[in-house]
Amino acid sequence: MEKILLKNIENPDSADIDFYIKQGGYQSLPKALGMTPSDIIEMVKRSGLRGRGGAGFPAGMKWSFAACDTKTPKYLLCNADEGEPGTFKDKPILERKPHLLIEGMVISAYAIGAEYGYIYLRGEYPKAKGILEKAISQAYERGYLGDNITGRGIRFHLSVHQGAGAYICGEETALIDSLEGKRGQPRIKPPFPVNVGAWGMPTVVNNVETLSNIPLIIEIGPEGYSKIGSPDCPGPKIYCVSGHVNRPGIYELPMGTSLRELIYTHAGGIRNGRRLKAVVPGGISTPVLPADAIDVAMDFVSMTKAGSMLGSGATIVMDATTCMVKVAWRALKFFEHESCGKCTPCREGTGWLRQILQRIEDGRGRDGDIELLNDVSDNILGKTFCPLGDAAAMVVKSMLKHFKKEFEEHIKRTHSAEVLK
Ligand code: SF4
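Throughout this document, residue positions are counted from 1 along each chain, in the order its sequence is written. Restriction of local features to residues with pLDDT of at least 70 applies here, the model being predicted, together with a cutoff of 80 or more for giving and counting side-chain atom pairs; totals for whole chains, interfaces and linings are based on all residues. Calculated side-chain values reflect all of the structure's heavy atoms, with hydrogen atoms and water omitted.

Q: Got a minute to help me understand the overall build of the protein chain in this structure?
A: Only DSSP runs of H or I covering at least 4 residues are called helices, and only runs of E covering at least 2 are called strands; the numbering of each starts at the N terminus. A tally of regular secondary structure across the protein chain gives 16 helices and ten strands. Here the globule rule reads 2.2 Å times residues to the power 0.38, and the radius of gyration is calculated from C-alpha atoms. The C-alpha radius of gyration of the protein chain comes to 22 Å, within 12% of the 22 Å expected for a compact globule of 421 residues. Taken over the C-alpha atoms alone, the protein chain extends approximately 80 × 45 × 35 Å along its principal axes. Categorising residues by exposure relies on relative accessible area from a 1.4 Å probe, with only protein chains included: less than 20% of the type maximum marks a residue as buried, more than 50% marks it as exposed, and the intermediate range marks it as partly exposed. When each of the 421 residues of the protein chain is scored for burial, the buried share is 56%. A 1.4 Å probe and the Shrake-Rupley method give the accessible areas. Residues count as covered only by the protein chains that appear here. Only carbon and sulfur atoms are counted for the fraction: they give 51% of the accessible area of the protein chain, which is about 17,200 Å².

Have a look at this one:
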């Protein structure tokens, strides 16, 4: 597939407004502003676009909930807090095609009736901040942002809000708290942000990639859009591949491209001719898959059926030399560090799991540690405010499901070492 969202991304001028316009940019905006907001929402619904942040919720449906709410002002927030290990799919849009995102945001804001928007940017992306701010000021100068967009009396103001580098602020309600100047911690849902969001007002939070799909839907129509990708999950998808592959990087492909094709065709296969051992398909919070499970379409529905999740589409590839106990320990070290501490099962459980994994990895594993890992995970799953706790538990459980023998051998080695002493 030719690049659509990432088209011309290699060009050094791709972030500039003149280049974007010359390549056909800002043409979907006047077209959309000539339609009614409800017609745009209907188009997005018919396109089948699902949020690209990880949850895969239908974008048009989310918009319709906010659009129906009569409270004002409404807000449109772009989630650019790309903090999941292995995930860097939004970075090229933020740094090289910021106007695609801005155009998508103006159309989306018009559809839901939002007059204010923020791009909540990952703290670790300082380069993107400058690029986005320059692009926003260019868009104001050309009349694509402001009080009278393209002379139609439509108002939308946009600015960048930089986070402080906390993973949890990528969760939409924690993002809202952080934007409001509070400590970034998730809120209980319901009420959902579409009705009670930023400053208590209706708020739509969409991911960078989701919003960047909107100009394309307006340009080619929902029927044309739904022909790309898989029937249940249409459209293009940006996958990023890291780990033991020959060509790690970012690949824009139709949604539903198989995991095997992504690894062996696009990312060039496993480094040094080694054997594939495991894959984390959607960022470190998604359950690991063994090597024999890669004949699966990378879309929200198929990945769930395969026992994992598409997540952000960030694929981490591990070859035969990888120690899965160490991977699990490193993952839990991350979750423990990033747990916001609001709920006990996550705050205490992630630390406990990390400690057990650490002692197994250090050669101090005990009989019953595997059962204990499963037990602690079960006591986190489904008992936390936000998905971080679930993610930590699912990672451990999937590791034990597919690589239990390796954990047992680690513990056994400990015992034989004791006997030798
Ligand atoms: S699950 Fe963890 S990160 Fe999420 S609210 Fe609870 S303590 Fe915070």
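What follows continues from the structure just given.
Q: Sorry if this is basic, but what is going on with the pairing of strand β2 (residues 116–121) here?
A: One face of the sheet, then the other: side chains in a regular strand alternate in exactly this way. Two strands make a pair as long as DSSP finds a minimum of two bridges between them. Bridge count for strand β1 (residues 75–80) against β2 is six bridges, and the pairing is parallel. Across the sheet, the residue bridging to C78 is I119, located in β2. With six bridges connecting them, β2 and strand β4 (residues 154–162) associate as parallel partners. For G117, the partnering residue across the bridge sits in β4 and is L158.

Q: Looking at this structure, I do not really get the sheet that holds strand β8 (residues 276–280). What am I missing?
A: Two orientations exist for strands paired in a sheet by backbone hydrogen bonds: parallel and antiparallel. Spatial ordering of the open sheet is given by β7-β6-β10-β8-β9, a layout of five strands whose pairing is mixed. The sheet is open, and its two borders are formed by β7 (249–254) and β9 (289–290), each paired with just one other strand. Taken together, the four bridges between β8 and strand β10 (residues 314–319) define a ladder with antiparallel strand orientation. Bridge pairing links V280 to I316 in β10.

Q: Help me out: how do you make sense of the site of the ligand in this one?
A: It suffices for a single heavy atom of a residue to lie within 4 Å of a molecule or strand for the residue to be listed as near it. Not every one of the 13 residues close to the ligand is listed here, only the nearest: C340, K342, C343, C346 and C386. Gly counts as polar in this scheme, as do all residues outside two lists: the nonpolar Ala, Val, Leu, Ile, Met, Phe, Trp, Tyr, Cys and Pro, and the charged Asp, Glu, Lys and Arg. In terms of residue class, the shell around the ligand is made up of eight nonpolar, four polar and one charged.

Q: For this particular structure, what's the right way to read the state of the cysteines?
A: Throughout, a disulfide means two cysteine sulfur atoms within 2.5 Å of one another. Taken as a whole, this structure holds zero disulfides when the rule is applied. Looking at C240, it has no disulfide partner, and the nearest cysteine sulfur is the one in C78, 16 Å off.

Q: How do you make sense of a negative patch on the surface when you look at a structure like this?
A: Each patch groups residues whose relative accessible area exceeds 30% and which form no salt bridge, using 9 Å between like charges and 5 Å between nonpolar side chains of Val, Leu, Ile, Met, Phe, Trp and Tyr. Each salt bridge in this description consists of a side-chain nitrogen of Lys or Arg and a carboxyl oxygen of Asp or Glu lying within 4 Å of one another. In this tally Asp and Glu are treated as negative and Lys and Arg as positive; neither His nor the chain ends contributes. Charged side chains are reduced to one point each, which is NZ for Lys, CZ for Arg, CG for Asp and CD for Glu. Residues D367, E371, E408 and E409 make up a contiguous surface patch of negative charge. Tracing the backbone through its elements, the reader meets E371 in helix α15 (residues 369–378).

Q: Please explain the environment of N206 as it appears in this structure.
A: Mapped onto the fold, N206 is located in strand β5 (residues 203–207). Considering only alpha carbons, one finds N206 and S108, 98 residues apart in sequence, at a separation of 9.7 Å. Any two residues having at least one pair of non-hydrogen atoms within 4.5 Å are treated as being in contact. Sequence-distant contacts of N206, that is, excluding residues within four places in its chain, are made with K62, W63, L77, C78, N79 and L211.

Q: Is there a simple way to explain the sheet that holds β1 in this structure?
A: Across the sheet, five strands lie side by side as β3-β4-β2-β1-β5; this open sheet has mixed pairing. At either end of the open sheet lies a strand with only one pairing partner, and these are β3 (146–149) and β5. Going across the sheet, the axis of each strand differs from the next one's by a mean of 25°, ignoring polarity. Where β1 lies against β5, five bridges are found, and the strand directions are parallel. Bridging from a neighbouring strand, Y75 pairs with T203 of β5. All axes here are fitted lines through C-alpha atoms, helices being fitted over the stretch that makes contact, and every angle between N-to-C directions spans 0 to 180 degrees. Packed on one face of the sheet, helix α6 (residues 98–112) meets β1, β2, β3, β4 and β5 and runs near 145° to β1. The strands touched by helix α7 (residues 126–141) within the sheet are β2, β3 and β4, with β4 carrying the most contacts at an inclination of about 165°.

Q: Please explain the pattern of salt bridges as it appears in this structure.
A: Opposite charge on two side chains makes pairing possible when the charged atoms of those side chains draw close. Applying the stated criterion across every chain, the model contains 27 salt bridges. A salt bridge links D69 to K71; its shortest N-O distance comes to 3.3 Å. By relative accessible area, D69 is classed as buried at 12%. Residue D369 pairs with R359 through a salt bridge whose shortest N-O separation is 2.6 Å.

Q: Is there a simple way to think about the side chain of S212 in this case?
A: Structurally, S212 is set in helix α9 (residues 208–212). Polar contact criterion, stated in full: a pair of N or O atoms within 3.5 Å, where within protein one must be able to donate a hydrogen and the other to accept it, and residues adjacent in sequence count only if both atoms are side-chain atoms. Engagement of the side chain of S212 in a polar contact is seen with the backbone oxygen of V208, the distance being 2.8 Å.

Q: What's the story with the nonpolar core in this structure? I'm lost.
A: Proteins that are soluble and globular tend to have nonpolar side chains buried together. In these notes, a set of buried Ala, Val, Leu, Ile, Met, Phe, Trp, Tyr and Cys residues joined through side-chain atoms within 4.5 Å is what counts as a nonpolar core. Counting 59 residues, the largest nonpolar core has I40 and L101 as its most contacted members. The dominant element in this core, judged by the number of residues it contributes, is α6, at ten residues. Excluding anything up to four places from it in sequence, L101 contacts C78, I93, L94, I119, L132, V208, L211 and S212. Membership of the second largest hydrophobic core comes to 50 residues, among which are F334, C343, L388 and I411.

Q: Honestly, the packing of aromatic side chains in this entry has me stumped. Any pointers?
A: Given two aromatic rings, their pairing is described by the distance between the two centres and the angle made by the two planes. Each aromatic pair joins two rings of Phe, Tyr and Trp (for Trp, the six-membered one) with centres within 6.5 Å, and gets the label stacked for planes under 30 degrees apart, edge-to-face for over 60, and tilted for any other angle. One pass over the structure, following the stated rule, counts seven aromatic pairs. Ring plane angle 70° and centroid distance 5.0 Å describe the contact between Y167 and F334, whose orientation is recorded as edge-to-face. Taken together, the residues Y167 in the loop between β4 and α8 (172–179) and F334 in helix α13 (residues 324–338) connect sequence positions 167 residues apart. The same class applies to Y167 as to F334, namely buried. In textbook terms, an aromatic cluster arises when at least three aromatic residues are bridged by ring pairs, as seen for Y75, Y116, Y118 and W199. A ring is scored as having a charge over it whenever the NZ atom of a lysine or the CZ atom of an arginine sits within 6 Å of its centre and within 35 degrees of its normal. In this structure, K237 packs its charged tip against the face of Y239, placed 5.8 Å from the ring centre.

Q: What should I look at first to understand the packing of helix α14 (residues 344–361) against α15 in this one?
A: How two helices sit against one another is set out by the angle between their axes and by the gap between those axes. One way to put it is that α14 packs onto α15 with a least axis distance of 10 Å and a crossing angle of 165°. Overall, the two elements α14 and α15 adopt an arrangement that is roughly antiparallel. In this structure, α14 meets α15 at a crossing whose hand is left-handed. Facing G349, W352, L353, I356, L357, R359 and I360 of α14, the residues of α15 in contact are D369, L372, L373, V376 and S377. Its residues placed into classes, the contact of α14 with α15 shows eight nonpolar, two polar and two charged. Geometric relationships in this document are graded by angle, where less than 35 degrees denotes roughly parallel, more than 145 denotes roughly antiparallel, 65 to 115 denotes roughly perpendicular, and other angles denote oblique. In this scheme, a crossing is called left-handed if the near helix is turned counterclockwise away from the far one by less than a right angle; it is called right-handed if the turn is clockwise.

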